[in-house]
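A structural walkthrough
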Amino acid sequence: MGIPVQEENASPPAEEGGTWLSLGEASRVLGISQGTLRRWADRGQVSSFTTPGGHRRFPRAAILALIPSDRARRPQIGDASSERIAGTYRRLNLGDGDSMLGELSETERELFRERGRRMVECLIAHLDADGPASAMANLHQAAAYATEYGASTARLGGSLSEGVETFLRFRSPFIEELAGTARRRGLDTREATGLLVDAEGAFDKLLLAFMDGWQQG
């Protein structure tokens, strides 16, 4: 995403209103976790300034520009992306031989992959939803799969750190495919950024659901 970046540890430029947001404030405006926004700043995907005390500050105007406009609906990503991501999950390596997940039977591995595929379908339906009610319903269903995933990991003897590491392997191909879809569909910078903001925020919620499931399991 071609968003200009303020160099770290430089004095913030004078801007009209002089309005800057803290990391917590900016993440709440976007509806994503502080960790996600910090990664975006580290990658140069969003403007930021670091104070002498080591605190991040974000230009309010830059953060507001990342919020999708309610008046303009971006193109749907649809079934094509779902199929491409599902293909990636069919090839996903769940753990290595030194971890609990590496010792799963092929049947157990396929259950994990299938749950991941269904979760992705719900996420895409969430991102493509026509209205907030449908979006929320699909996100809740995706969260239910994430909770089941966490509980299954706990029942099989997997640690929380092992489970989170494996769960995050589902996140990377999903976000990468969305970025590729944005390029193929010709989404402009605002549309592409809005899509990734929504996706990152949804995955943050699913990770919390996974952790809740592990504790219940």
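For the structure, check the block above.
Description of the structure in this document. (Residues numbered from 1 in each chain as written. Predicted model: local features only at pLDDT ≥ 70, side-chain atom pairs only at ≥ 80, totals over all residues. Heavy atoms only, no water.)

The next thing to look at is helix α2 (residues 34–42). Every buried residue belonging to α2 is among T36, L37, W40 and A41, and all of these are buried. For α2, the angular spread of the buried residues around the axis is 140°, confining them to a single face. In this structure, the buried side of α2 is in contact with α1 (23–30), β3 (56–59), α7 (160–184) and α8 (189–216). One or two steps after α2, the chain reaches G44, where phi turns positive at roughly 80°. (Buried < 20%, exposed > 50% of the residue type's maximum accessible area, 1.4 Å probe, protein only. Helix = DSSP H or I, 4+ residues; strand = E, 2+ residues; numbered from the N terminus. Arc of directions from axis to C-beta. Contact = heavy atoms within 4.5 Å.)

A few words now on the packing of helix α6 (residues 132–155) against α7. Here α6 crosses α7 at 145°, and the two axes come no closer than 10 Å. Where α6 crosses over α7, the handedness of that crossing is right-handed. On α7, the residues touching A146, Y149 and T153 of α6 are G163, T166, F167 and F170. Class assignment for the residues of the contact of α6 with α7 results in four nonpolar, three polar and no charged. (Axes fitted to C-alpha atoms, helices over the stretch in contact; angles between N-to-C directions. Left-handed = near helix turned anticlockwise from the far one by under 90°. Nonpolar A, V, L, I, M, F, W, Y, C, P; charged D, E, K, R; others polar.)

The next point concerns the packing of aromatic side chains. If you walk through the whole model with that rule in mind, you get three aromatic pairs. Between W20 and F49, the ring centres sit 5.9 Å apart and the planes meet at 65°, which makes this aromatic pair edge-to-face. Of this pair, W20 sits in strand β1 (residues 20–22) while F49 sits in strand β2 (residues 49–50), and the two are 29 residues apart along the sequence. Residues W20 and F49 agree in their burial class; the two are buried. (Phe/Tyr/Trp six-rings, centres within 6.5 Å; stacked < 30°, edge-to-face > 60°.)

Take the pairing of β3 next. Here three bridges tie β1 to β3, and the two strands are oriented antiparallel to one another. Note on β3: the bridge partner recorded for L21 is F58. Here β2 pairs with β3 via two bridges, running antiparallel. Opposite F49, over in β3, you have R57 as the bridge partner. Connecting β2 to the antiparallel partner β3 that follows it, the hairpin turn spans five residues, and G54 within it adopts a positive phi of roughly 90°. (Pairing = 2+ DSSP bridges.)

Before going further, it helps to examine the sheet that holds β1. Strands sit in the order β1-β3-β2 across an open sheet of three strands; the sheet is antiparallel. Edge positions in the sheet fall to β1 and β2, since each has one partner strand and no second. Contacts from α1 reach β1 and β3, with the element oriented near 95° to β1.

When their charged atoms lie close together, side chains carrying opposite charge are able to pair. Throughout the structure, instances matching the rule amount to three salt bridges. Its salt-bridge partner being R39, residue E200 comes within 3.9 Å of it at the nearest N-O pair. Highlighted residues: E200 in helix α8 and R39 in helix α2, separated in sequence by 161 residues. Note that E177 is salt-bridged to R184, the shortest N-O span being 2.5 Å. (Salt bridge = Lys/Arg side-chain N within 4 Å of Asp/Glu carboxyl O.)

M119, L123, F167, F174, L178 and L206 are the most contacted members of the largest nonpolar core, which has 32 residues in total. Of all the secondary-structure elements, those providing two or more residues to this core are α5 (106–128), α6, α7 and α8. In terms of residue count, α8 provides more of this core than any other element does, 10 residues in total. With near-sequence residues (within four places) excluded, F167 lies in contact with M119, A146, Y149, F203, L206, L207 and F210. In this structure, L21, L30, A41 and I63 belong to the second largest nonpolar core, which totals 13 residues. (Core = buried A, V, L, I, M, F, W, Y, C linked by side-chain atoms within 4.5 Å.)

Attention now goes to the side chain of E200. We classify E200 as buried; its relative accessible area is 5%. Setting aside residues up to four positions removed in sequence, E200 forms contacts with I32, T36, R39, W40, R43, R171 and I175.

At a closest axis distance of 10 Å, the pairing of α7 and α8 adopts a crossing angle of 165°. Viewed along their axes, α7 and α8 adopt a mutual orientation that is roughly antiparallel. As for the relative orientation of α7 and α8, their crossing is right-handed in sense. Between α7 and α8, the residues in contact are L160, G163, V164, F167, L168, F170, R171, F174, I175, L178, A179 and A182 and A192, L195, L196, A199, E200, F203, D204, L206, L207, F210, M211 and W214, respectively. Here the contact of α7 with α8 is composed, by residue class, of 20 nonpolar, one polar and three charged. (Parallel < 35°, antiparallel > 145°, perpendicular 65-115°, else oblique.)

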